[in-house]
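Summary of structural features
Chain by chain, the residues run as shown.
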There are 2 protein chains.
Amino acid sequence: MKIGILGGGQLGRMFIQNALKYDDEFYTIDPASDAPCHNISYFTQGNFKDYQTVLDFGKDKDVVTIEIEHVNADALAELENQGVKVVPNSKIVKTIQQKILQKEFYKENDIPSPDFEIMDGSSEEIKIEFPFVQKLNTGGYDGKGVQVIKDADDLKKLWVEDSVLEKLVDIDKELSVIVAKNERGETKTFPVTEMVADPKLNLLDFNICPTNISDDVAQQIEKITNKFLEVVESPGLFAIELFLDKNGKVWVNETAPRLHNSGHQSQEGNANSQFEQMYRVVTNSPLADTEAFTFSGMLNLVGADEFSGKVIYDGLDEVMKMPKTYVHLYGKTETKPGRKMGHINVLADSREELMDKLISIKSKVIVKS
Amino acid sequence: MKIGILGGGQLGRMFIQNALKYDDEFYTIDPASDAPCHNISYFTQGNFKDYQTVLDFGKDKDVVTIEIEHVNADALAELENQGVKVVPNSKIVKTIQQKILQKEFYKENDIPSPDFEIMDGSSEEIKIEFPFVQKLNTGGYDGKGVQVIKDADDLKKLWVEDSVLEKLVDIDKELSVIVAKNERGETKTFPVTEMVADPKLNLLDFNICPTNISDDVAQQIEKITNKFLEVVESPGLFAIELFLDKNGKVWVNETAPRLHNSGHQSQEGNANSQFEQMYRVVTNSPLADTEAFTFSGMLNLVGADEFSGKVIYDGLDEVMKMPKTYVHLYGKTETKPGRKMGHINVLADSREELMDKLISIKSKVIVKS
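As the structure is a computational prediction, the values presented were derived from the model and not from experiment. (Residues numbered from 1 in each chain as written. Chains lettered and ligands numbered in written order. Predicted model: local features only at pLDDT ≥ 70, side-chain atom pairs only at ≥ 80, totals over all residues. Heavy atoms only, no water.)

Remarks on the side chain of Glu117 of chain B
Residue and element names in this part refer to chain B. Convention followed: Secondary structure follows DSSP: runs of H or I at least 4 residues long count as helices, runs of E at least 2 residues long count as strands, and numbering of each begins at the N terminus. Residue exposure (1.4 Å probe, protein chains only): buried if accessible area is under 20% of the type maximum, exposed if over 50%, otherwise partly exposed. Charge counting follows a simple rule: Lys and Arg are positive, Asp and Glu are negative, and His as well as the terminal groups are ignored. Each salt bridge in this description consists of a side-chain nitrogen of Lys or Arg and a carboxyl oxygen of Asp or Glu lying within 4 Å of one another. Distance and chemistry together define a polar contact, namely a pair of N or O atoms within 3.5 Å, with one atom able to donate a hydrogen and the other to accept it when in protein, and with adjacent residues in sequence counting only for side-chain atoms on both sides. Should any heavy atoms of two residues lie within 4.5 Å, those residues are considered in contact.
Secondary-structure assignment places Glu117 in strand 6 (residues 116–119). Buried within the structure, Glu117 lacks any salt-bridge partner; Lys127 is the closest side chain of opposite charge, at an N-O distance of 5.7 Å. A distance of 2.9 Å separates a polar side-chain atom of Glu117 from the backbone nitrogen of Ile128. Every residue in contact with Glu117, bar those within four places of it in the chain, is listed here: Glu125, Ile126, Lys127, Ile128, Ser163, Val164 and Leu165.

Dropping the structure here:
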């Protein structure tokens, strides 16, 4: 099968890496000539936000998919018109890439998501109470395009762009659940994972599985995932990011229509990884079992502050001596502060052992130049 | 690191697939333009048995390794002279690729291997008792270059070429153990696996782990692997193929100085796979833990008789519905009778469940055209 992927980053790279165990051809497109996928696929340097570029890239493929949601969705719709299979489809990509449509999708489908109001260019009056979160309608990624407005004083920071203004949740835990649906209508859900974010970079830091949640919380999440899988009118793999608030209620923060950082620990922690599941979705194969064998966790390898240039991973040798510890680098030669360069997965027999290992690894490795 | 691999087959492909999680560059060479590695590495079409070709291929690499032992070992020696790291080194490759030297290596080091005599062009008299096995000194592979001589009548079949004539072992079980040694002198051993061969094709059929062996047999094997790792004067990953005879004695059949079909189930069955271990060896990294988590097994997907041409995998969809079942195809577009096209790994909670799954899969899938 000729599989075209919009985006040539690490998500695409790990997708292709896993899928090399099947007999397909992979085509990727990315603006960066040295994108992580460039040397493991048929690579086109180009802008996946450009209508004609996406059309030209996709027209001769058996299926077109994405590893980033900020792509030209109109071109995806036109590819569908021309008979090319697009997974996830253009409609859900459009819905998710625009925060306003995404919030309306939750509201329409009774999927709990924090209260919000829409701010467009013409809005003058803000009714939502402080503190609230401003999320730009389009273009947010890895914590960009999102800010907290604490009080009236903060209003001067407000971006004058189409946005969602959302009630700030008093977060107890950040959770994530990855779900999949194929064209045959089969669905599968990965075990819920728990994130611990680095407050400075707003990038995922540790991600662990299983999480300590009550039966009630588990049931709320199950209700959300079941509802989502029921109403989503597209095959796809979706990462649903959740907040558990301090009153024990679960809210959907947002959904990514693609592979997700919060699913990386599934590479060694589950019967099958999110990358395998994505392959099953894209090729409309039977969905894979997602059972977690043991405790698993992940930490991102992020470029340290004050280092830019050819990357050096200090301390990796020590980490490779640790049992059940798995290093995944993304083939990026240049580091810069905050850049995601790789991740490390660990397995453990208990949550305590897991956390100890993750903290130990974090203290050992530094991504410098 | 620039890693050069002599051979571009499935072993190289799976090695590269796994190693894509590190930041290296992979170069392969193979006579076949459509070799499994051709589209996932910097590929040279060429003959790895040719001295100058191997020299030209290897001279600018940081390390040169092999995924097949039938390569020009003199060129490897010359690369070593020129300062290129070769893993495994030319000396052990020479020893192993010549059955006569290999048998003498076992004898010198008190590693139990069936009694033998050497037949060269000038030998007239054969002293070894019937039945015996003739193994050509060079060029044997996947059961080729090996034959059983049952009685005096059979002597007319004898190949008139340099050979080892080896006492036929009355086999109870065929076992295999994969061991690794790095330049730092660290060693690791994978759990022993048990093979069930297809008598017709003489290719590995099922390979399962763990195996039902007595403590005494386990100790004999441990003694063999310890001795081998002690005396082998080269870093490398080695597959030691063993016979357990009907008197409970273990014999070394032969050793492959490379990744091996009998280690494929380690991809999902062990804490780390043979492919990861090979990467650790080649890059002189700390060796990986090899613990088996559960029962695991593998069956080869071999081209069915009477089918040649563009491959079709009949029944694969059914197999992909089975939990803890992993399909690995080798990127070969053309099938022919007996060609290794892929394999399927399964995990199970018991030996009985494992065998049931393997037998069920074998009945479901047919590799045709």
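Quick look at helix 3 (residues 73–81) of chain B
Residue and element names in this part refer to chain B. Our working definition: Of all possible arcs, the one meant is that of the directions from the helix axis to the C-beta atoms.
Within helix 3, the full set of buried residues consists of Ala73, Ala75, Leu76 and Leu79. All buried residues of helix 3 project into a common sector of 155 degrees when viewed along the axis, lining one side. In this structure, the buried residues of helix 3 make contact with strand 1 (2–6), helix 2 (51–58), strand 4 (63–66), strand 5 (85–86) and helix 4 (90–97). Measuring from the backbone nitrogen of Asp74 back to the side-chain oxygen at the start of helix 3 gives 3.1 Å, which picks out Asn72 as the cap. Phi turns positive one or two residues past the end of helix 3, at Gly83, with a value near 95 degrees.

Side note on the nonpolar core
Selection rule: By nonpolar core we mean a set of buried residues, namely Ala, Val, Leu, Ile, Met, Phe, Trp, Tyr and Cys, connected to one another through side-chain atoms within 4.5 Å.
The biggest cluster of nonpolar side chains holds 98 residues, and the ones touching the most others in it are Phe15 and Ile344 of chain A together with Phe15 and Ile344 of chain B. Excluding residues that lie within four positions of it along the chain, Phe15 of chain A makes contacts with Ile3, Ile5, Phe26, Leu259, Phe275, Met278, Tyr279 and Val282 of chain A.

A short note on the pairing of strand 4 of chain B
Residues and elements named next belong to chain B. Note the cut-off: Strands are treated as partners if at least two bridges between them are detected by DSSP. A crossover gets the label right-handed when its path from the first strand over the helix to the second runs clockwise, viewed with the strands pointing away from the viewer.
Residues of strand 4 alternate between two faces, with Val63 and Thr65 on one and Val64 and Ile66 on the opposite face, all of them buried. Where strand 1 and strand 4 come together, four bridges link them in parallel fashion. When the bridges of strand 4 are listed, Ile3 appears paired with Val63. Taken together, the two bridges between strand 4 and strand 5 define a ladder with parallel strand orientation. Looking at strand 5, one finds that Val63 is bridged to Lys85. Once you follow strand 4 into helix 3 and on to strand 5, the crossover reads as right-handed.

Some details on the packing of helix 4 (residues 90–97) of chain A against helix 5 (residues 99–108) of chain A
Residues and elements named next belong to chain A. Formally: Here an axis means a line fitted to C-alpha atoms, over the contact stretch when the element is a helix, while the angle between two N-to-C directions is reported on a 0 to 180 degree scale. These descriptions rest on fixed angle ranges, namely under 35 degrees for roughly parallel, over 145 for roughly antiparallel, 65 to 115 for roughly perpendicular, and the rest for oblique. In the scheme used here, Gly and all other residues not listed as nonpolar or charged are polar, with Ala, Val, Leu, Ile, Met, Phe, Trp, Tyr, Cys and Pro taken as nonpolar and Asp, Glu, Lys and Arg as charged.
Axis separation between helix 4 and helix 5 bottoms out at 5 Å; the angle between their running directions is 105 degrees. Relative to helix 5, the element helix 4 is oriented roughly perpendicular. Here Lys94, Thr95, Ile96 and Gln97 of helix 4 lie close against helix 5, whose contacting residues are Lys99, Leu101, Gln102 and Phe105. Among the residues forming the contact of helix 4 with helix 5, the class breakdown is three nonpolar, three polar and two charged.

Structural notes on the domain arrangement of chain A
Residue and element names in this part refer to chain A. This is how the line gets drawn: Each domain's limits were defined by an automated method or a database of domain assignments. Summed over both partners, the accessible surface that disappears when two parts come together, traced with a 1.4 Å probe, is what is meant by buried area.
When the domains of chain A are assigned, the result is domain 1 (2–86), domain 2 (115–167), domain 3 (169–293) and domain 4 (294–369). Between the C-alpha centres of domain 3 and domain 4 there is a distance of 22 Å. Interface of domain 3 and domain 4: buried area, both sides summed, is about 2000 Å²; carbon and sulfur atoms make up 55% of it. Taken together, domain 3 and domain 4 are joined by one salt bridge. Two residues, Glu194 and Arg351, come together in a salt bridge whose shortest N-O distance is 3.3 Å.

Details of the sheet that holds strand 9 (residues 163–167) of chain B
Residues and elements named next belong to chain B. If you trace the four strands from one edge of the open sheet to the other, you get 6-9-7-8, paired in antiparallel fashion. Two strands bound the open sheet, and with one partner strand each, they are strand 6 and strand 8 (146–149). Mean inter-strand twist for the sheet, computed between neighbouring axes without regard to direction, equals 25 degrees. Relative to strand 8, strand 7 (residues 132–136) is paired through four bridges, and the arrangement is antiparallel. Residue pairing in the sheet places Lys135 in a bridge with Val146 of strand 8.

Description of the UniProt feature "binding site: ATP" (unreviewed entry) in chain A
All names here are of chain A. For clarity, the cut-off: UniProt positions are given in the numbering used here, feature names are shortened, and annotations may be inferred rather than shown by experiment.
The positions that UniProt labels "binding site: ATP" (unreviewed entry) are, in the present scheme, Lys99, Lys135, Glu166, Lys167, Leu168, Val169, Glu174, Asn253 and Glu254. Dropping the residues within four chain positions of it, Glu166 is found in contact with Lys103, Pro114, Asp115, Phe116, Ile128, Phe132, Val133, Lys135 and Asn253. With respect to the helices and strands, the residue Lys167 is situated in strand 9 (residues 163–167). Taking relative accessible area as the criterion, Lys167 reaches 48% and is therefore assigned partly exposed.

Overview of a negative patch on the surface
All names here are of chain B. Let me state the cut-off plainly: Patch definition: residues with relative accessible area over 30% and no salt bridge; like charges joined within 9 Å; nonpolar side chains (Val, Leu, Ile, Met, Phe, Trp, Tyr) joined within 5 Å. Computed by Shrake-Rupley with a 1.4 Å probe, the accessible areas treat only the displayed protein chains as cover when residues are assessed. A single reference atom marks each charge: NZ on Lys, CZ on Arg, CG on Asp, CD on Glu.
Together, Asp349, Glu352, Glu353 and Asp356 line one region of the surface with negative charge. Here Glu352 is to be found in helix 10 (residues 351–364). We classify Glu352 as exposed; its relative accessible area is 54%.

Structural notes on the side chain of Arg351 of chain B
All names here are of chain B. The topology assignment puts Arg351 in helix 10. At 3.4 Å, the side chain of Arg351 forms a polar contact with the side chain of Glu194. Ignoring any residue separated from it by four or fewer positions in sequence, one finds Arg351 in contact with Glu194, Ile208, Pro210, Thr211, Asn212 and Phe295.

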